[in-house]
Amino acid sequence: MNKPTLPYDVEAIRADFPILQQAHHDDVPLVFLDNAASSQKPNLVIDGMTNYYRTSHANVHRGIYQLSEQATQLYEDARKKVRDFIHASSHREIIYTRGTTEGINLVAMTWGRKNLGVGDVVLSTAMAHHSNIVPWQILAEEKGFMLKFVPILDNGTLDMEAYRQLLEDNSVKLVTVVHSSNVLGTINPIKEMAHLAHEQGALILIDGAQSVPHMPVNVQDLDCDFFAFSGHKMLGPTGIGILYGKRDILDDMPPYMGGGDMIARVTLEGSTWNDLPYKFEAGTPSIAPAIGLGLAVDYLSSIGMDKIHQHEQIMTEYALDRLAEVAGLTVYGPPSTQKGAVAAFTINGAHAHDVAQVLDSYGIAVRAGHHCAMPLHQLLNVNATARASFYLYNTLEEIDMLAETLEKVKDKLIF
Ligand code: 7TS
């Protein structure tokens, strides 16, 4: 198969990632294809965080002394980098969280607890990650609203006709939808979905865990009300994520957790809240991870999100072509034009876990299981899929290796 041309020099990028230089199982090169679970980190992020601890660490928003002011500056600068990266209108709309999961839970437990009740509907989707199902189930139990799901079509895209119909009864108060599925790869028409939700007076929350790392995102253009994502899937460290929210909506929400930094004034009789975004950031935050996330944003921006997206589209198309050559293999989800850099697949006669285990013995890391999307796997009628997911540092040769090794996997597993 002829190799397509990639938009940038991948080898130069790979040189920035120390983990990609090391041998796997001591002797084979690591082919890391589990980027949807978490990405690897470039030197800029690793060294930047180490350097922060070596030279600039102190608690933030507290000290009158130079070191604390320096740490605060770095921490707040990172917030502004994220603001610009997703095109929010103000740094006050950028709330630090632990990740996508915490962002969605924050909305459920503050906005949801205040605004949802009996007779209301929250609309999620059948392709949702558990983090966009379970918080709503927990809250529905408490508040008595209904949780409904937009179905998916056989081609792995959302059933937009059903979405329109579900919105028609005016009880939907919130639509909560994944931007790009971590299993099917489907990139959902968020802008259109937001427009339709708003026409019916509903708000829309976007789970951007699999979109922000991979494509340009403009929250104002999408016109979403909330947008949650994780730092660790976009070259940043674990323990940090972002919840974006429109300022007037965030202003109207009660706080999430109580404690230091989130208050304006505390008396024994009661308390008042700090301004945004601090109202939602109780306690000493993840300072170094926030700074690391800012550096990850610098790194991604220096390449350009449009180029990264282009690279991944080429990779995905190539991967789907190569995987189609493997007899007995089924890839789930839409064609590459509507898909993020994910290929979840099954092989007739082989369990996904065994496939992943044998691939690992050749140095190829993929994830197997339900990928925190059990309802979706029930719909697909499979217990588990193996999933290869790509990022800016993956090469076409690695995809060749995956396809060629899958033939060996079949020889080993299928009798
Ligand atoms: N939403 C989507 C679409 C995800 O893919 C994930 C993580 C999350 C939310 C939760 O993100 P977290 O950072 O808060 O954990 N997805 C995966 C995955 O596909 N494999 O491991 C984690």
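Let us look at the structure shown here. Here the structure is a predicted model, which is why all the values come from computation and not from measurement.

Scoring rules and cut-offs
Residues numbered from 1 in each chain as written. Predicted model: local features only at pLDDT ≥ 70, side-chain atom pairs only at ≥ 80, totals over all residues. Heavy atoms only, no water. 1 Å grid on protein atoms, 1.4 Å probe; cavity = no way out; pocket = protein on both sides within 12 Å on 5 of 7 lines; lining within 4 Å. Points joined across faces, edges and corners; volume = space filled by probe spheres on them. Helix = DSSP H or I, 4+ residues; strand = E, 2+ residues; numbered from the N terminus. Nonpolar A, V, L, I, M, F, W, Y, C, P; charged D, E, K, R; others polar. Domains from an automatic or database assignment. Near = heavy atom within 4 Å. Polar contact = N/O pair within 3.5 Å; in protein donor to acceptor, adjacent residues only side chain to side chain. Areas by Shrake-Rupley, 256 points an atom, 1.4 Å probe, with all protein chains shown as cover. Pairing = 2+ DSSP bridges. Axes fitted to C-alpha atoms, helices over the stretch in contact; angles between N-to-C directions. Phe/Tyr/Trp six-rings, centres within 6.5 Å; stacked < 30°, edge-to-face > 60°. Parallel < 35°, antiparallel > 145°, perpendicular 65-115°, else oblique. Left-handed = near helix turned anticlockwise from the far one by under 90°. Contact = heavy atoms within 4.5 Å.

So, the layout of surface pockets
And step 1. In this structure, the largest pocket occupies an estimated 350 Å³ of space.
And step 2. Taken together, 23 residues line the largest pocket, and the ones lying closest to its centre are Thr 101, His 129, Ser 230, His 232 and Lys 233.
And step 3. If you tally residues by element for the lining of the largest pocket, the top one is helix α4 (residues 100-115), at three residues.
And step 4. Class assignment for the residues of the lining of the largest pocket results in five nonpolar, 12 polar and six charged.
And step 5. Counting contributing residues, the lining of the largest pocket receives three or more from each of domain 1 (10-32 + 304-413) and domain 2 (47-301).

Quick notes on the site of the ligand
And step 1. Contacts to the ligand come from 16 residues, most closely from Thr 101, Asp 207, Ser 230, Arg 367 and Arg 387.
And step 2. Note that an oxygen atom of the ligand is positioned 2.8 Å from one of the side-chain N or O atoms of Asn 182.
And step 3. With respect to the ligand, the side chain of Arg 387 contributes an N or O atom lying 2.6 Å from an oxygen atom.
And step 4. Protein coverage of the free-state accessible area of the ligand, which is 490 Å², stands at 87%.
And step 5. Taken together, the residues of the shell around the ligand break down into four nonpolar, eight polar and four charged.

Some words on the sheet that holds strand β10 (residues 241-245)
And step 1. Read across the open sheet, the seven strands follow the order β4-β10-β9-β8-β7-β5-β6; overall the sheet is mixed. The sheet is open, and its two edges are formed by β4 (94-97) and β6 (146-150), each paired on a single side. Strand-to-strand twist across the sheet, computed as the mean angle between neighbouring axes with direction ignored, equals 20°.
And step 2. Relative to strand β8 (residues 203-207), strand β7 (residues 172-178) is paired through five bridges, and the arrangement is parallel.

Here we look at the packing of aromatic side chains
And step 1. The tally for this structure, following the rule as stated, stands at six aromatic pairs.
And step 2. Cluster of aromatic residues (ring-pair linked, three or more members): Phe 17, Tyr 299, Tyr 391 and Tyr 393.

Some words on the packing of helix α6 (residues 160-168) against helix α7 (residues 190-199)
And step 1. Interaxial distance between α6 and α7 falls to 10 Å at its minimum, and their mutual angle equals 20°. The orientation of α6 with respect to α7, classified from their angle, is roughly parallel. Taken as a pair, α6 and α7 cross one another with a handedness that is right-handed. Listed contacts from α7 to Met 160, Tyr 163, Arg 164 and Leu 167 of α6 are Glu 192, Met 193, Leu 196 and Ala 197.
And step 2. For the contact of α6 with α7, the class distribution of residues is six nonpolar, no polar and two charged.

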